[in-house]
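Analysis of the macromolecular model
The lines below spell out each chain.
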Amino acid sequence: MTRREMREYLFCLVFQNEFYPAEEFAEQRDNYLHERSLSEGETKEILDKLEAFIEYLPEIDKKISAHSKGWKIDRIAKAELALLRLAVYEALYDDSVPVGVAVNEAVELAKQYGEENASAFVNGILGKIVNE
C-alpha cells in the first residue's frame, strides 16, 4: 500500500467518523478495512493513525475554526472538513508526514472528492493554519 492509498483510506474513515456514534463507527471502520483486503500490518498502521487522529480532533477543530472566518465547522461540507482535519493532523501531529506533503495531498484529494472550489478552500485554510 502506498502512502497515498493509506491517506485516502484514512480520509474515508475520517469522513465516516462524522456520521456514526463511536460504538457504531468501530463496526463501520472494521467493515471498511476488511473490504480493502489489507495486510495485518497495514490495518494496524491505519488504525494507529486513526486513533491518534481522534485523540487530537478537538485541537484540530479549534485550529480549523480559528482560521475559517465566516465558516463554522458545521457549515463546512463534510468532505472538505474531513480533508482539512486529516491534513491538519498530518501537518501538525504526524512527524512522518512533511507539512508540504500534507497540504498538497489534501488539495489533490479535494479536487477528487470535494465541491468545485474545494481545493482552493482547503488550500487557503491549511495555508493559514500551517503558517501561524
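Preceding block: the structure.
The notes below deal with the structure included here.

What counts, and where the lines are drawn
- Residues numbered from 1 in each chain as written.
- Predicted model: local features only at pLDDT ≥ 70, side-chain atom pairs only at ≥ 80, totals over all residues.
- Heavy atoms only, no water.
- Phe/Tyr/Trp six-rings, centres within 6.5 Å; stacked < 30°, edge-to-face > 60°.
- Helix = DSSP H or I, 4+ residues; strand = E, 2+ residues; numbered from the N terminus.
- Buried < 20%, exposed > 50% of the residue type's maximum accessible area, 1.4 Å probe, protein only.
- Contact = heavy atoms within 4.5 Å.
- Polar contact = N/O pair within 3.5 Å; in protein donor to acceptor, adjacent residues only side chain to side chain.
- Core = buried A, V, L, I, M, F, W, Y, C linked by side-chain atoms within 4.5 Å.

1. Regarding the packing of aromatic side chains
- Applying the stated criterion across every chain yields a total of eight aromatic pairs.
- Taking the centre distance of 6.1 Å and the plane angle of 90° together, the rings of Phe53 and Tyr89 count as edge-to-face. Of the two residues, Phe53 is situated in helix α3 (residues 40–67) and Tyr89 in helix α4 (residues 78–93); the sequence distance between them amounts to 36 residues.
- Residue classification places Phe53 among the buried positions, given a relative accessible area of 2%.

2. Re the environment of Leu10
- Mapped onto the elements, Leu10 comes out in helix α1 (residues 3–17).
- Once you skip the residues sitting within four places of it in the chain, Leu10 turns out to touch Ile46, Lys49, Leu50 and Leu86.

3. Points about the side chain of His67
- Following the sequence through the fold, His67 ends up in helix α3.
- Owing to a relative accessible area of 14%, His67 belongs among the buried residues under this scheme.
- At a separation of 3.1 Å, a polar atom in the side chain of His67 contacts the side chain of Glu132.
- Apart from residues no more than four positions distant in its own chain, His67 is found in contact with Ile125, Lys128, Ile129 and Glu132.

4. Regarding the nonpolar core
- Within the largest apolar cluster, 40 residues are counted, with the highest numbers of intra-cluster contacts made by Phe11, Ile46, Ile64 and Leu126.
- Of all the secondary structure elements, the ones that give two or more residues to this core are α1, α2 (22–35), α3, α4, α5 (99–113) and α6 (118–130).
- In terms of residue count, the dominant contributor to this core is α4 (ten residues).
- Not counting residues up to four positions away in its chain, the partners in contact with Ile46 are Met1, Met6, Tyr9, Leu10, Leu13, Leu33 and Leu38.

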